[in-house]
Amino acid sequence: VQLQASGGGLVQPGGSLRLSCAASAGRFTINAMGWYRQAPGKQRELVAIITSRGSTNYADSVKGRFTISRDNAKNTVYLQMSSLEPEDTAVYSCKATARRGIDVYDYWGPGTLVTVSS
């Protein structure tokens, strides 16, 4: 399983960005997909996660500002980020949980940098 993320960049406070992450699943079935971020000097944290059925969970810090969604046909997960704050500056990485038979694996995509600054 390979993941390809896109959509990061520089945005002013209060602005919006949309991240995308597409998974090349091959013979695997993609279950949950999620976004994580790591700010300088901090540990990586969960931002949002979505199951294959569409159930979502968000970090408290992004609730009401970020929306995660997915296109199961394309094995693609999106993160719409609005009302961005400087504290949202981080490297954002997507993760996919993939299943093949009884085996389950986590795969990570390369990070994409989001910088919120005026």
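So, here is what we can say about the structure in this document. Just so you know, these numbers come straight off a predicted model, no measurement behind them.

**Things to note about the sheet that holds strand 8 (residues 76-81)**
Moving on, step 1. With respect to topology, four strands assemble into an open sheet ordered 1-3-8-7, the strand pairing being antiparallel. The strands lining the two open edges of the sheet, one partner per strand, are strand 1 (2-6) and strand 7 (66-71). Taken over all neighbouring pairs, the strand axes of this sheet differ in orientation by 15 degrees on average, direction set aside.
Moving on, step 2. Direction of pairing for strand 3 (residues 17-24) relative to strand 8: antiparallel, over a ladder of six bridges.

**Overview of the state of the cysteines**
Moving on, step 1. Under the defined criterion, the tally for this structure stands at one disulfide.
Moving on, step 2. What pairs with C21 in a disulfide is C94, and their sulfur atoms sit 1.9 Å apart. Measuring the twist about the S-S bond at about 45 degrees, one finds the C21-C94 disulfide to be right-handed. Of this pair, C21 sits in strand 3 while C94 is found in strand 9 (residues 90-100), placing the two residues 73 residues apart along the sequence. For the pair C21 and C94, one class covers both residues: buried.

**As for the pattern of salt bridges**
Moving on, step 1. In total, this model carries six salt bridges according to the counting rule given.
Moving on, step 2. As a salt-bridge pair, E85 and R65 come within 3.9 Å of each other at their nearest N and O atoms. Taken together, the positions of E85 in the loop between strand 8 and strand 9 and R65 in the loop between strand 6 (56-58) and strand 7 put the pair 20 residues apart, joining distant regions of the chain.
Moving on, step 3. Beyond isolated ion pairs, a larger network of salt bridges with shared partners links R37, E45, R65, E85 and D88.

**Let's talk about the environment of G14**
Moving on, step 1. Along the chain, G14 turns up in the loop between strand 2 (9-11) and strand 3.
Moving on, step 2. Taking the C-alpha atoms as reference, G14 lies 9.6 Å from S117; in sequence the two are 103 residues apart.
Moving on, step 3. Not counting the four nearest positions on each side in its chain, G14 is found in contact with S83 and L84.

**Points about the pairing of strand 10 (residues 103-108)**
Moving on, step 1. The pairing of strand 9 with strand 10 spans six bridges and is classified as antiparallel. Residue A96 lies in a different strand from strand 10, and its bridge partner there is Y107.
Moving on, step 2. The turn joining strand 9 and strand 10, which pair antiparallel and follow one another in sequence, is formed by two residues; a positive phi near 65 degrees is taken by G101.

**Here we look at the side chain of R70**
Moving on, step 1. Within the element layout of this structure, R70 appears in strand 7.
Moving on, step 2. No salt bridge is formed by the buried R70. Its closest oppositely charged neighbour is D71, at 8.0 Å.
Moving on, step 3. Here T51 takes part through its backbone oxygen, which lies 3.3 Å from a polar atom of the side chain of R70.

**Some details on the environment of G15**
Moving on, step 1. Structurally, the position occupied by G15 is in the loop between strand 2 and strand 3.
Moving on, step 2. In sequence terms G15 and S82 are 67 residues apart; their C-alpha atoms lie 6.0 Å from each other.

Definitions and limits used
Residues numbered from 1 in each chain as written. Predicted model: local features only at pLDDT ≥ 70, side-chain atom pairs only at ≥ 80, totals over all residues. Heavy atoms only, no water. Pairing = 2+ DSSP bridges. Helix = DSSP H or I, 4+ residues; strand = E, 2+ residues; numbered from the N terminus. Axes fitted to C-alpha atoms, helices over the stretch in contact; angles between N-to-C directions. Disulfide = S-S within 2.5 Å. Buried < 20%, exposed > 50% of the residue type's maximum accessible area, 1.4 Å probe, protein only. Salt bridge = Lys/Arg side-chain N within 4 Å of Asp/Glu carboxyl O. Contact = heavy atoms within 4.5 Å. Lys, Arg positive; Asp, Glu negative; His and termini not counted. Polar contact = N/O pair within 3.5 Å; in protein donor to acceptor, adjacent residues only side chain to side chain.

The values reported here are purely geometric and, on their own, carry no functional implication.
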